[in-house]
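Chain by chain, the residues:
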Amino acid sequence: DTEVTQTPKHLVMGMTNKKSLKCEQHMGHRAMYWYKQKAKKPPELMFVYSYEKLSINESVPSRFSPECPNSSLLNLHLHALQPEDSALYLCASSPSPPVQPSYEQYFGPGTRLTVT
Amino acid sequence: AQSVTQLDSHVSVSEGTPVLLRCNYSSSYSPSLFWYVQHPNKGLQLLLKYTSAATLVKGINGFEAEFKKSETSFHLTKPSAHMSDAAEYFCVVSESNFGNEKLTFGTGTRLTIIP
């Protein structure tokens, strides 16, 4: 199984709502990532988890809260978002952390988030 | 610091003709390089990767890329374009910094196939 799954596919939420995005992989990968992608732009890294511990936070606002309950699951909790947070949220995993060589990341299909 | 420059934001080719998508990189270490494809409203799919083995890398769907260290380039090619190749393509460089793995994406090249 070389698949990363994400739920839901689409999410519409108001600025006062609390919602969560879910990501799952069963490839035994030990690094998982959250990216944000705006239209016609490349993905921007938000968070990296390595062996279920947060290793990189790219100065993401606290209204985004990641969680890694186990090695297969990654959640992104959303609270009090702004309309400019509307984007495609991508999850990825890799066999990392490697020292050398570098391993590719496998991406899920994404969650299309709209904040109203 | 690593960086990637995709030289063309948009490339149009006729179906059945060759495809060339250009990518130049900058890296302080020995880089790993990737090409990813993204179809509309989809996630990213890995086309191919270079990790310091053979400099000519073959990927899926007939794509290949050549790593040229002297030119710091990693251009993507395909001999004959198919309508299903229409998508956004990202050139990506990765550096393993002893436990922290980060990808740096190019700005993307939109490939249009003319019937």
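Residues numbered from 1 in each chain as written. Chains lettered and ligands numbered in written order. Predicted model: local features only at pLDDT ≥ 70, side-chain atom pairs only at ≥ 80, totals over all residues. Heavy atoms only, no water.

Trainee: Would you mind showing me how to read the pairing of strand β11 (residues 111-115) of chain A here?
Mentor: Residues in a regular strand point their side chains to alternate faces of the sheet. All names here are of chain A. What you see with β11 is a clean split: Thr111, Leu113 and Val115 sit on the buried side and Arg112 and Thr114 on the side with no burial. Looking at chain direction, strand β2 (residues 10-13) and β11 are connected through 4 bridges and run parallel. Across the sheet, the residue bridging to Leu11 is Leu113, located in β11. Both strand β9 (residues 87-94) and β11 contribute to a ladder of 3 bridges, which runs antiparallel. Residue Tyr89 lies in a different strand from β11, and its bridge partner there is Thr111. (Buried < 20%, exposed > 50% of the residue type's maximum accessible area, 1.4 Å probe, protein only. Helix = DSSP H or I, 4+ residues; strand = E, 2+ residues; numbered from the N terminus. Pairing = 2+ DSSP bridges.)

Trainee: Explain the state of the cysteines here, please?
Mentor: By definition, a disulfide links the sulfur atoms of two cysteine residues through a covalent bond. This structure, assessed with the given rule, holds 2 disulfides over all chains. What pairs with Cys23 of chain A in a disulfide is Cys91 of chain A, and their sulfur atoms sit 1.9 Å apart. Linking Cys23 of chain A and Cys91 of chain A, the disulfide has an S-S dihedral of approximately -70° and is accordingly described as left-handed. In this pair, Cys23 of chain A is assigned in strand β3 (residues 18-25) and Cys91 of chain A in strand β9, connecting sequence segments 68 residues apart. Residues Cys23 of chain A and Cys91 of chain A agree in their burial class; the two are buried. Bridging Cys23 of chain B to Cys91 of chain B, the disulfide has an S-S length of 2.0 Å. Across the S-S bond linking Cys23 of chain B and Cys91 of chain B, the dihedral sits near -65°, which makes this disulfide left-handed. Separated by 68 residues along the polypeptide, Cys23 of chain B in strand β4 (residues 23-26) and Cys91 of chain B in strand β10 (residues 87-97) bring together distant segments of the chain. Accessibility classification places Cys23 of chain B together with Cys91 of chain B in one group, the buried group. No disulfide involves Cys68 of chain A; its sulfur sits 9.2 Å from that of Cys23 of chain A, the nearest cysteine. (Disulfide = S-S within 2.5 Å.)

Trainee: It is not clear to me how the side chain of Gln38 of chain B should be interpreted in this structure. Could you clarify?
Mentor: Tracing the backbone shows Gln38 of chain B in strand β5 (residues 32-38). Its relative accessible area of 9% is what places Gln38 of chain B among the buried residues. Within the structure, the side chain of Gln38 of chain B is placed 2.8 Å from the side chain of Gln37 of chain A, a separation counted as a polar contact. Ignoring sequence-local partners within four residues, the contact set of Gln38 of chain B consists of Gln37, Leu88 and Leu90 of chain A together with Gly43, Leu44, Ala87, Glu88 and Phe90 of chain B. (Polar contact = N/O pair within 3.5 Å; in protein donor to acceptor, adjacent residues only side chain to side chain. Contact = heavy atoms within 4.5 Å.)

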